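Here's the letter readout for the chains.
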Amino acid sequence: MWHGAEMNLEPTRNWLKQAGLKPGLEGVCFQVADLLEDLTQDTGSFLTFAFFEQAVKKKEDQEQLWAALTLLSTSAAPALKAHGYLNTEDGPLILSDEDFFEFSLSGELVHPEDGKPLDSPREHVHLFFSVNEKVRK
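Model, not experiment: these values are computed from the prediction.

Peer 1: Lay out helix H1 (residues 10-18) with the relevant residues and their values.
Peer 2: Listed in full, the buried residues belonging to H1 are Thr12, Arg13 and Leu16. End-on, the buried residues of H1 take up no more than an arc of 95°, which puts them together on one face. Those residues of H1 that are exposed and angled more than 90 degrees off the buried face are Lys17 and Gln18. For H1, the secondary structure elements touched by its buried residues are helix H2 (23-36) and helix H4 (62-74). Within two residues after H1, Gly20 carries a phi angle of roughly 70°, on the positive side.

Okay, structure coming up:
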């Protein structure tokens, strides 16, 4: 079991400092990085937008938070990894990385259990994040 203190966010923080981000966006990115340092493995594996929104307390500007999460999951030093899930009667059904990647490119998705194409998959797929393995020591 890891704890945030066992993470190496220094490359992410250095990238943020050099990225030339607007001060508001940079501040939100650093708030998220600070938050990640307080997580454990259990809490760092299924992080929803609502979790970040509540923790960062930037409800008045969701666009900045979305931008920060995008940067922190796609930058040269990503601290987060994006994933997708479907809500089912039995709870969230986590999409494989391959299925989520294909969905993000094409907007189409075949249900992982029954193999049938989903109608309007963008209405069914929900985004969540996890701490990127690359930042764990």
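Peer 1: Explain the side chain of Ser130 to me, using residue names and the numbers behind them.
Peer 2: Assignment of secondary structure puts Ser130 in strand S3 (residues 125-131). Apart from residues lying up to four places away in sequence, Ser130 is in contact with Gly44, Ser45, Leu47, Ala79, Leu80, Lys81 and His83.

Peer 1: Explain the packing of helix H3 (residues 49-56) against H4 residue by residue, including any values.
Peer 2: Put simply, H3 and H4 touch, their axes get as near as 11 Å, and they point 115° apart. Of the two possible hands of crossing, H3 and H4 adopt the one that is right-handed. Where H3 approaches H4, its residues Phe49, Phe52, Glu53 and Val56 are matched on the opposing element by Gln62, Leu65, Trp66 and Leu69. Per-class residue counts for the contact of H3 with H4 are six nonpolar, one polar and one charged.

Peer 1: If you had to explain the pattern of salt bridges to someone new, which residues and values would you point to?
Peer 2: One pass over the structure, following the stated rule, counts three salt bridges. Measuring nitrogen to oxygen at the nearest pair gives 3.2 Å for the salt bridge that ties Glu37 to Arg13. Highlighted residues: Glu37 in the loop between H2 and H3 and Arg13 in helix H1, separated in sequence by 24 residues. Close ionic contact of Asp97 with Lys81 constitutes a salt bridge, the shortest N to O distance being 2.9 Å. On the criterion of sequence distance, the pair formed by Asp97 in helix H5 (residues 97-106) and Lys81 in strand S1 (residues 80-88) is long-range, its members being 16 residues apart. Salt bridges linked by common partners bring Arg13, Asp34 and Glu37 together as one network.

Peer 1: Now, about the sheet that holds S1: what can you tell me, with residues and values included?
Peer 2: Read from one edge of the open sheet, three strands run S2-S1-S3, paired in antiparallel fashion. Strands with a single pairing partner mark the edges of an open sheet, and in this sheet they are strand S2 (91-94) and S3. Going from strand to strand, the sheet's axes swing by 45° on average, the running direction of each strand aside. Of the strand pairs in this sheet, S1 and S3 are connected by seven bridges, and their pairing is antiparallel. Directly across from Tyr85, in S3, lies its bridge partner His126. Strand contacts of H5: S1 and S3, with the helix running at about 90° to S1, the strand carrying the most contacts.

Peer 1: Describe the nonpolar core, and please don't skip the residues or the numbers.
Peer 2: The biggest cluster of nonpolar side chains holds 26 residues, and the ones touching the most others in it are Val32, Leu36, Phe52 and Leu80. Secondary-structure elements contributing two or more residues to this core are H2, H3, H4 and S3. Examining the composition of this core, we find that seven residues originate from one element, H2, more than from any other. In contact with Phe52, other than residues within four places in its own chain, are Val32, Leu35, Leu36, Leu47, Lys57, Leu65, Leu69, Leu80 and Phe129. Judged by nonpolar contacts, the second largest core, of seven residues, contains Leu86, Leu93, Phe100 and Leu109.

Thresholds, definitions, all that
- Residues numbered from 1 in each chain as written.
- Predicted model: local features only at pLDDT ≥ 70, side-chain atom pairs only at ≥ 80, totals over all residues.
- Heavy atoms only, no water.
- Buried < 20%, exposed > 50% of the residue type's maximum accessible area, 1.4 Å probe, protein only.
- Helix = DSSP H or I, 4+ residues; strand = E, 2+ residues; numbered from the N terminus.
- Arc of directions from axis to C-beta.
- Contact = heavy atoms within 4.5 Å.
- Axes fitted to C-alpha atoms, helices over the stretch in contact; angles between N-to-C directions.
- Left-handed = near helix turned anticlockwise from the far one by under 90°.
- Nonpolar A, V, L, I, M, F, W, Y, C, P; charged D, E, K, R; others polar.
- Salt bridge = Lys/Arg side-chain N within 4 Å of Asp/Glu carboxyl O.
- Pairing = 2+ DSSP bridges.
- Core = buried A, V, L, I, M, F, W, Y, C linked by side-chain atoms within 4.5 Å.

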